[in-house]
Amino acid sequence: MFPDRPNRRGFLIAGTTTAATALATGASGLLLPAHAQGLAPTRSMRGGSNNYLPGAPIVGRIGGGGFWMAGTVRRAGDGAPLGGVRIQIWAHTTEGHERDPHSHGATLTDADGAFRLEMPQIVPAFGQPHGHLAYDDANFETVFLRPVMPSAKDTSLSAHFVLRPV
């Protein structure tokens, strides 16, 4: 027998009884998809917007390549992947400085919210090897990221966005 208000102990004891099944599957009886309820939005990082150039073109690769910048984009709250989202990427590389227009490019996320863009090897600037990424469209709040690489010898870097709708 269950108390009037279900609690964790009652739910665990119930196992596969009808009441526990109803709690786990919802009123429809169908299994509910897992969601990251309450997923907090990503906050802009200090220095992330340094040398930002609005409107960098969508490109297949920045420069000669050899280094991979990758990541994901999800919606704050439910964690749903966001496809077709424009992410701008720039860095100090073997082929140019952060402020050089040819060191900037943008890419779009796929249906799973993932992005990947090849670019020249990132090299240290101000003592740290780091990249810059930005989401700057009208549908969600702007976010600038500046992830630092553990080593200047790394050939990839990832960054993940959780965007809050405006």
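Residues numbered from 1 in each chain as written. Predicted model: local features only at pLDDT ≥ 70, side-chain atom pairs only at ≥ 80, totals over all residues. Heavy atoms only, no water.

Regarding the side chain of Thr93
Within the secondary structure, Thr93 sits in the loop between strand S2 (86–91) and strand S3 (104–108). Of note is the side chain of Thr93, whose polar atom sits 3.0 Å from the backbone nitrogen of Glu95. Ignoring any residue separated from it by four or fewer positions in sequence, one finds Thr93 in contact with Met119, Pro120, Gln121, Ile122 and Val123. (Helix = DSSP H or I, 4+ residues; strand = E, 2+ residues; numbered from the N terminus. Polar contact = N/O pair within 3.5 Å; in protein donor to acceptor, adjacent residues only side chain to side chain. Contact = heavy atoms within 4.5 Å.)

Focus on the sheet that holds strand S4 (residues 114–119)
Spatially, the three strands line up as an open sheet ordered S4-S1-S7, and their pairing is mixed. Of all strands in the sheet, those bounded by a partner on one side alone are S4 and strand S7 (156–163). Within the sheet, the average angular offset between the axes of one strand and its neighbour, ignoring direction, is 20°. As paired strands, strand S1 (residues 67–75) and S7 are joined by eight bridges and run parallel to one another. Of the residues in S7, the one forming a bridge with Arg75 is Leu163. (Pairing = 2+ DSSP bridges. Axes fitted to C-alpha atoms, helices over the stretch in contact; angles between N-to-C directions.)

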